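# Descriptive structure summary
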Amino acid sequence: MTLESDQAMSTVTRPVAERSRPAASAELAHGDALVAAIVEAGFRFVTGVPDSALAGMCSALDRQHRGQLFLPGTREDNCVALAAGAQLAGTTPMVFMKSAGLGTCVDALTSLVEVYRIPLVLLISWAGYAGRDVPHHNVIGEVLEPVLEALRIPARPARLGDPADVARALRAAREAAERDRTVVAVLGIPADLLEAADPA
Amino acid sequence: MLRAILAAVRSASGAMFVGNGANARVAHALDDAPWVFYMMGSMGMCAPLAAGFSRFAGRPVVAVEGDGNAVMGLSGLPVVAAAARPPFLHIVLDNGTYETTGGQRVLAPDLLFVRAAGGAGYDPVRDIAGMEELADALERGLVAEQVGFLRVRIEPDTAPLPPRVRYSPEQIPPRFIAACRPRDGASRTTIAGGDREHDG
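These figures come from a predicted structure and were not determined experimentally.

## A closer look at the overall build of chain A
The number of helices and strands found in chain A is 9 helices and 6 strands. By residue count, 51% of the 200 residues in chain A fall in the buried class. About 8,900 Å² of surface is accessible on chain A, with carbon and sulfur atoms providing 53% of the total.

## Details of the overall build of chain B
Looking only at helices and strands, one finds 8 helices and 8 strands in chain B. Along the first, second and third principal axes, the C-alpha set of chain B runs to 45 × 40 × 30 Å. Within chain B, buried positions represent 52% of all 200 residues. In chain B, of all internal contacts separated by at least 6 residues, the share reaching a separation of at least 24 is 75%. As displayed, chain B has an accessible area near 8,600 Å², and 53% of this comes from carbon and sulfur atoms. Averaging the positions of the 19 positive and the 21 negative side-chain charges in chain B gives two centres separated by 5 Å.

## A look at the sheet that holds strand β4 (residues 88-94) of chain B
Backbone-to-backbone hydrogen bonds join strands into a sheet, with any given pair of strands oriented parallel or antiparallel. Residue and element names in this part refer to chain B. Taken in spatial order, the 6 strands line up as β2-β1-β3-β4-β8-β7 in an open sheet, and their pairing is parallel. A strand with exactly one partner marks an edge of an open sheet, and here the two such strands are β2 (36-38) and β7 (125-128). Going from strand to strand, the sheet's axes swing by 15° on average, the running direction of each strand aside. Strand direction decides the pairing type here: strand β3 (residues 61-66) and β4, joined by 6 bridges, are parallel. Bridge assignment links V61 to a residue of β4, and that residue is F88. Each of β1 (15-18), β2, β3 and β4 touches helix α1 (residues 2-11); the most contacted strand, β1, lies at about 150° to it.

## Examining the state of the cysteines
All names here are of chain A. In this structure the tally under the stated criterion is 0 disulfides over all chains. With no disulfide partner, C58 has as its closest neighbouring cysteine sulfur the one in C79, 11 Å distant. A relative accessible area of 8% places C58 in the buried class. Not part of a disulfide, C105 finds its nearest cysteine sulfur in C79, a span of 8.4 Å.

## Overview of the environment of P124(B)
Residue and element names in this part refer to chain B. Among the structural elements, P124 can be located in the loop between α6 (112-120) and β7. C-alpha of P124 to C-alpha of G148: the two residues are 24 residues apart in sequence and 4.9 Å apart in space. When neighbours within four sequence positions are excluded, P124 is seen to be in contact with Q146, V147, G148 and F149.

## Regarding the sheet that holds strand β2 (residues 70-72) of chain A
All names here are of chain A. Pairing within the open sheet is parallel, and its 6 strands lie in the order β2-β1-β3-β4-β6-β5. The outermost strands of the open sheet, each flanked by one partner alone, are β2 and β5 (155-159). Recorded for the sheet is a direction-independent mean angle of 25° between the axes of neighbouring strands. Lying on the sheet, helix α7 (residues 135-150) is in contact with β3 (93-98), β4 (120-125), β5 and β6 (183-189); it crosses β6 at an angle near 145°.

## Structural notes on the pattern of salt bridges
Scanning the model with the defined rule gives 18 salt bridges over all chains in all. The closest approach of N and O atoms between K98(A) and D51(A), which form a salt bridge, is 3.0 Å. With K98(A) in strand β3 and D51(A) in the loop between β1 (45-48) and α3 (55-65), this pair connects stretches of sequence that are 47 residues apart. The same class applies to K98(A) and to D51(A), which are both buried. Three or more residues are tied together by salt bridges with common partners; here these are D94(B), D110(B), D127(B), R151(B) and R153(B).

## A word on the pairing of β1(B)
All names here are of chain B. Taking every second residue as pointing to the same face, both faces of β1 are buried, with A15 and F17 on one and M16 and V18 on the other. Pairing of β1 with β2 involves 3 bridges; the strand directions are parallel. Bridge pairing in β2 places M16 opposite V36.

Scoring rules and cut-offs
- Residues numbered from 1 in each chain as written.
- Chains lettered and ligands numbered in written order.
- Predicted model: local features only at pLDDT ≥ 70, side-chain atom pairs only at ≥ 80, totals over all residues.
- Heavy atoms only, no water.
- Helix = DSSP H or I, 4+ residues; strand = E, 2+ residues; numbered from the N terminus.
- Buried < 20%, exposed > 50% of the residue type's maximum accessible area, 1.4 Å probe, protein only.
- Areas by Shrake-Rupley, 256 points an atom, 1.4 Å probe, with all protein chains shown as cover.
- Contact = heavy atoms within 4.5 Å.
- Lys, Arg positive; Asp, Glu negative; His and termini not counted.
- Charge placed at Lys NZ, Arg CZ, Asp CG, Glu CD.
- Pairing = 2+ DSSP bridges.
- Axes fitted to C-alpha atoms, helices over the stretch in contact; angles between N-to-C directions.
- Disulfide = S-S within 2.5 Å.
- Salt bridge = Lys/Arg side-chain N within 4 Å of Asp/Glu carboxyl O.

Right under this line is the structure:
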């Protein structure tokens, strides 16, 4: 393939493939409610890499807000940098990620956002919460809080199943991040894992 | 090369992000300018940080980094191409080596950056070998409605590095933000308007 054809390809928008597993309508409605919670909490730019625990929200952002409120990144570290840049320009950003994504962006958080004291809020979906998830999520899920603490990132939990609770936690996180010029995380606990942790 | 870039950004009333440590030190020694964001750490994050700023800043933005930095940030190229608002230039100063750590060779084949940038959606993409070409690309790129990519071939520099940037990281954002305030009459964008990126 020549350089010219590479460049020509880049100007063509790829068609969206037929979805083999469309998000359920309840999931989408919940996603819309989470997007509304993010806006209500004061955020004006959102970036992140899609995650299954936030599937409805990711679909809502991708379908209705892409290019406006939302732009996707490709790894959590470039999402963090993109959001930090938006903050420098006076726009309030939020980055969402799965718990595993924290590992991908530790350097961007510590040697960019923390040392330059750029306010930033992370919404981390807590895959692996209480070790009640699939094995590849459970390790990071169980050490998420101590890792954040070691990174000096304050964190507050929220119930992902309750958009009003998410909105409250995000607003408090934004106010703390702006006041202290720091990174603050909201740990969104997926509803199914929360239920599993509190057996009836 | 950095001298020419700094002069061009200054005359375009633009903002500049420069990474990593060595380039930041050289740029700072040449022109201690408040509209330059000096990046000491977070390799690979220079261009996405600049793109996030560009999206909401309403002024020309240039991201300058070395090839070691750029090869680490390859996954961010489509993010930068989609997020940045013109005029925007992503410049890679490519000397083929990790100069600050003793001149080890970077694993970046000759066409890597221009092909990756073309595929990621930058337009134009230019492979630049000399000062005259660079001056031309800067003159066009800082006024054009384009998000461009310049790969600039340079020789390794054998001169000793200038002193470290005299500001602590946390001193840099406030002076950068003050220097880049929207000009009188310019309205600040909080939620982006139209977009270069189209969703299928």
